[in-house]
Amino acid sequence: MKVLVAVKRVVDYNVKVRVKSDNSGVDIANVKMSMNPFDEIAMEEAVRLKEKGVVTEVIAVSCGVPQCTDTLRTAMAIGADRGILVETTEELQPLAVAKLLKALVDKEQPGLVILGKQAIDDDCNQTGQMLAALADLPQATFASKVDIAEGKAQITREVDGGSEYLSLSLPAIITTDLRLNAPRYVTLPNIMKAKKKPLDIVKPEDLGVNVSPRIKTLRVVEPPQRSAGTKVPDVATLVAKLKAEAKVI
Amino acid sequence: MTSLAQVLVVAEHDNASIKGATLNTVTAAAQCGGDVHVLVAGANAAAAAAAAAQIAGVTKVLHVDDADLAHGLAENVTAQILAVASNYSHLVFPATASGKNVAPRVAAKLDVGQVSDITKVVSADTFERPIYAGNAIATVQSTDAVKVLTVRTTGFDPAAATGGSAAVEVLAAVGASAAVSFMGSEIAKNDRPELTAAKIIVSGGRALGSSEKFMEVMTPLADKLGAAMGASRAAVDAGYAPNDWQVGQTGKIVAPQLYVACGISGAIQHLAGMKDSKVIVAINKDPEAPIFSVADYGLEADLFVAVPELASVL
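Residues numbered from 1 in each chain as written. Chains lettered and ligands numbered in written order. Predicted model: local features only at pLDDT ≥ 70, side-chain atom pairs only at ≥ 80, totals over all residues. Heavy atoms only, no water.

Caption draft 1: Geometry of the overall build of chain A. Secondary structure summary: chain A contains 6 helices and 13 strands in total. Once the C-alpha set of chain A is aligned to its principal axes, its extents read approximately 65 × 45 × 40 Å. For chain A, with 249 residues in total, the buried portion stands at 55%. Considering only residue pairs separated by 6 or more positions, chain A has 70% of its internal contacts joining residues 24 or more positions apart. Accessible surface, chain A as shown: approximately 10,800 Å² in total, 51% of it carbon and sulfur. In chain A, 34 positive and 32 negative side-chain charges are present, and the distance between their average locations comes to 3 Å. (Helix = DSSP H or I, 4+ residues; strand = E, 2+ residues; numbered from the N terminus. Buried < 20%, exposed > 50% of the residue type's maximum accessible area, 1.4 Å probe, protein only. Contact = heavy atoms within 4.5 Å. Areas by Shrake-Rupley, 256 points an atom, 1.4 Å probe, with all protein chains shown as cover. Lys, Arg positive; Asp, Glu negative; His and termini not counted. Charge placed at Lys NZ, Arg CZ, Asp CG, Glu CD.)

Caption draft 2: Just empty space enclosed by the protein, in detail. Following the criterion strictly, the structure yields 5 cavities of 30 Å³ or more and no others. Across the lining of the largest cavity, the residue classes break down as 8 nonpolar, 3 polar and 1 charged. (1 Å grid on protein atoms, 1.4 Å probe; cavity = no way out; pocket = protein on both sides within 12 Å on 5 of 7 lines; lining within 4 Å. Points joined across faces, edges and corners; volume = space filled by probe spheres on them. Nonpolar A, V, L, I, M, F, W, Y, C, P; charged D, E, K, R; others polar.)

Caption draft 3: Spatial organisation of unusual backbone geometry. Residues and elements named next belong to chain A. A cis geometry characterises the amide bond from Leu170 onward to Pro171, with omega recorded as 0°. Note on placement: Pro171 falls in the loop between strand 9 (162-169) and strand 10 (172-176). The backbone of Asn125 sits at a positive phi, close to 60°, despite the residue not being glycine. Inspection of the secondary structure puts Asn125 in the loop between strand 6 (112-116) and helix 4 (127-135).

Caption draft 4: Region of the structure containing the packing of aromatic side chains. If you walk through the whole model with that rule in mind, you get 1 aromatic pair over all chains. Taking 6.1 Å as the distance between ring centres and 50° as the angle between the ring planes, the aromatic pair formed by B:Phe214 and B:Trp245 counts as tilted. Of the two residues, B:Phe214 sits in helix 5 (residues 211-225) while B:Trp245 sits in the loop between helix 6 (233-237) and strand 14 (258-262), which places them 31 residues apart along the sequence. Of the two residues examined, B:Phe214 and B:Trp245, each falls in the buried class. Geometry around A:Phe142 places A:Lys117 over its ring, the cationic atom sitting 5.7 Å from the centre. The ring of B:Phe292 carries the charged tip of A:Lys231 above its face, separated from the ring centre by 4.2 Å. (Phe/Tyr/Trp six-rings, centres within 6.5 Å; stacked < 30°, edge-to-face > 60°. Lys NZ or Arg CZ within 6 Å of the ring centre and 35° of its normal.)

Caption draft 5: Molecular detail of the side chain of B:Arg152. Residue and element names in this part refer to chain B. Relative to the elements of secondary structure, Arg152 occurs in the loop between strand 9 (147-151) and strand 10 (167-171). Here Asp117 takes part through its side chain, which lies 3.4 Å from a polar atom of the side chain of Arg152. The contacts of Arg152, once residues within four sequence positions are left out, are Ala95, Asp117, Ile118, Thr119, Pro130 and Ile253. (Polar contact = N/O pair within 3.5 Å; in protein donor to acceptor, adjacent residues only side chain to side chain.)

Caption draft 6: Spatial organisation of the nonpolar core. Core analysis: the biggest nonpolar cluster contains 53 residues, and A:Val61, B:Ile81, B:Leu91 and B:Phe93 have the highest contact counts within it. In terms of residue count, the dominant contributor to this core is helix 3 (residues 94-108) of chain A (9 residues). Excluding its chain neighbours within four sequence positions, the residues that come into contact with B:Phe93 are B:Val10, B:Thr25, B:Ile81, B:Gly99, B:Val102, B:Ala103, B:Val106, B:Val148, B:Leu149, B:Thr150 and B:Val151. (Core = buried A, V, L, I, M, F, W, Y, C linked by side-chain atoms within 4.5 Å.)

Caption draft 7: Geometry of the pairing of strand 13 (residues 228-231) of chain B. All names here are of chain B. Of the two faces of strand 13, both are covered, the one formed by Ala228 and Gly230 as well as the one formed by Met229 and Ala231. Both strand 12 (residues 200-204) and strand 13 contribute to a ladder of 4 bridges, which runs parallel. For Ile201, the partnering residue across the bridge sits in strand 13 and is Ala228. Following the backbone out of strand 12, through helix 5 and into the adjacent parallel strand 13, one traces a crossover that is right-handed. (Pairing = 2+ DSSP bridges. Right-handed = clockwise from strand over helix to strand, strands pointing away.)

Caption draft 8: Just the sheet that holds strand 8 (residues 136-142) of chain B, in detail. Reading across the sheet, the 4 strands line up as 12(A)-8(B)-7(B)-6(B) and stay open at both edges, with antiparallel pairing between neighbours. Sheet topology places strand 12 (215-221) of chain A together with strand 6 (120-123) of chain B at the edges, where each strand pairs with a single neighbour. Across the sheet, the axes of successive neighbouring strands diverge by a mean angle of 30°, strand direction being ignored. With 3 bridges joining them, strand 6 of chain B and strand 7 (residues 126-131) of chain B adopt antiparallel strand pairing. Paired with B:Val121 across the strands is B:Phe127, a residue of strand 7 of chain B. (Axes fitted to C-alpha atoms, helices over the stretch in contact; angles between N-to-C directions.)

Caption draft 9: Representation of helix 1 (residues 20-31) of chain B in the model. Residue and element names in this part refer to chain B. Taken across its 12 residues, helix 1 has 9 buried, putting it largely inside the fold. Ala21, Thr22, Leu23, Asn24, Thr25, Val26, Thr27, Ala28 and Ala29 are the residues of helix 1 that are buried. Positive backbone phi, approximately 95°, marks Gly33, located one or two places after helix 1.

Caption draft 10: The arrangement of the environment of A:Glu158 in detail. By the element assignment, A:Glu158 lies in strand 8 (residues 152-159). Dropping the residues within four chain positions of it, A:Glu158 is found in contact with A:Phe142, A:Ser144, A:Asp177, A:Arg179, B:Ala97 and B:Asn243. Among the polar contacts made by the side chain of A:Glu158, one reaches the side chain of B:Asn243 at a distance of 2.7 Å.

Caption draft 11: Structural detail: the interface of chain B and chain A. Listed per partner, the contact involves 84 residues of chain B and 74 residues of chain A. The interface formed by chain B and chain A includes 8 salt bridges. Close ionic contact of B:Lys109 with A:Asp136 constitutes a salt bridge, the shortest N to O distance being 3.2 Å. The tally of links from chain B across to chain A stands at 52 residue pairs in polar contact (both at pLDDT 80 or more). Here the residues of the side of chain B that touches chain A are counted per class, giving 39 nonpolar, 25 polar and 20 charged. Pairing of strand 9 of chain A with strand 11 (residues 180-187) of chain B involves 7 bridges; the strand directions are antiparallel. Counted as the bridge partner of A:Ser163 is B:Glu186 from strand 11 of chain B. (Salt bridge = Lys/Arg side-chain N within 4 Å of Asp/Glu carboxyl O.)

Caption draft 12: Region of interest: a negative patch on the surface. A cluster of like negative charges, contributed by A:Glu90, A:Glu91, A:Glu205 and A:Asp206, occupies part of the molecular surface. For A:Glu90, a relative accessible area of 43% translates into the label partly exposed. (Patch = residues over 30% accessible without salt bridge, like charges linked within 9 Å, V, L, I, M, F, W, Y side chains within 5 Å.)

Caption draft 13: Highlighting the packing of helix 3 (residues 74-84) of chain B against helix 4 (residues 97-109) of chain B. All names here are of chain B. Here helix 3 crosses helix 4 at 50°, and the two axes come no closer than 9 Å. When the axes of helix 3 and helix 4 are compared, the pair comes out oblique. Regarding helix 3 and helix 4, the two cross each other, and that crossing is right-handed. Residues Ala74, Glu75, Val77, Thr78, Ile81 and Leu82 of helix 3 touch helix 4, and the partners they reach there are Asn101, Val102, Arg105, Val106 and Lys109. (Parallel < 35°, antiparallel > 145°, perpendicular 65-115°, else oblique. Left-handed = near helix turned anticlockwise from the far one by under 90°.)

Listed below in structure tokens is the structure:
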């Protein structure tokens, strides 16, 4: 069984982004870029399934600018067998990415597609569900445990207030929550090995997908800043202030 | 806009009652203009449908009842929404675990983009939403005929739960997916308010040191304040608190009247989840902790002393 894993190149988790002075977006020039953390978890899960012998091939897919090849090499250093870059410099929104992935699902016929639940740049939380809809496959979002056996995926997923257990017929779409696994560190030998793994580049046109954005960004601004209040010397003063000044207790 | 807006809110409910997030979503829906209808898709959910009909501002409730809708599976709920979608200009969901699960599936089936986590309705097609963990606010315009939205509940006041008298229209179920089965769930039972709806939240960080200490120190304070309990990602990752207590970019987004952060340093991802709280109290022994930069009241102290003392004097 093949597994397809979608990986997105995003501004690194530790970078504090700045809004551009013309309010057209955030400034990502000369900023450290990394693989979306949830996608790293997705990649780790796919590689673990391969190590367990459940899966025979792990394919990493990234959609976007030519530099996404870096993200794909990282994916291959974690353990993907090969990579596919759907290369475009157009702005890609989740619906467009889902359509590109659907075209690759048709072509590769994976038994499972694993994606991060959301990207930490646009915070959309859409692509996995959209792909499931377009491919007409069952979905398990926010997965915290994945077991594959006998053509089924047994999934524990995180919901408000606790967990939910689903059984999905394969092929199926899974999106990862934070605590599904702890991704491994990539080692230098694996980085070197990843450089030799196959990486195909296709264009959205090759897949017959129109990626035109549906949502226009009109303006991006800084959020209202919250200013620091006062330090209080002790618990008694804190309680007095909460009662008399803030009136919240 | 060529025709008047007609908005469908997909209710969050537990079959017996309507969840609070639905009320905030109705408020956002009403701001899109036009009539607001509410879909209650569930099993033995007549009570939830009746409760939806009472929500102020709702003009019609669509009620579908079927065993296959008991657990809100995305595949089945999506089919139900698609059956009525053509009547609506806007399909609006709360940005809860269940709303986030279903909404994109609906949007893709309709071949429209989705606007996630809206915090403001600027006009019927233009919305504000946070990006980059709330470090920037984007104003976005949907160019699609149907707007599919999820609503960040902290961005909108709840609609009044009573005062409305909408008609309840019963619809037929459209059938279920055979590819997915619900096998069970484990939902924590407690008497505390829901994290996202609580007026007061007490939240603990990694400084608590263990799950025993977390409960021992934080629970009395939460009890005294009638508060919900939250945690930082570090505390959850360390196993001190359950996963669904996590407040932050990738956990729950909260905006209570009072947020008490104990032993939480205040990583930007945590701040993204609580900085819209009305009053923030930080208790931390590190004077440099970033949490103090957003706290209305900061107490530089050892939480193992200060938190029990606070609980005892309240």
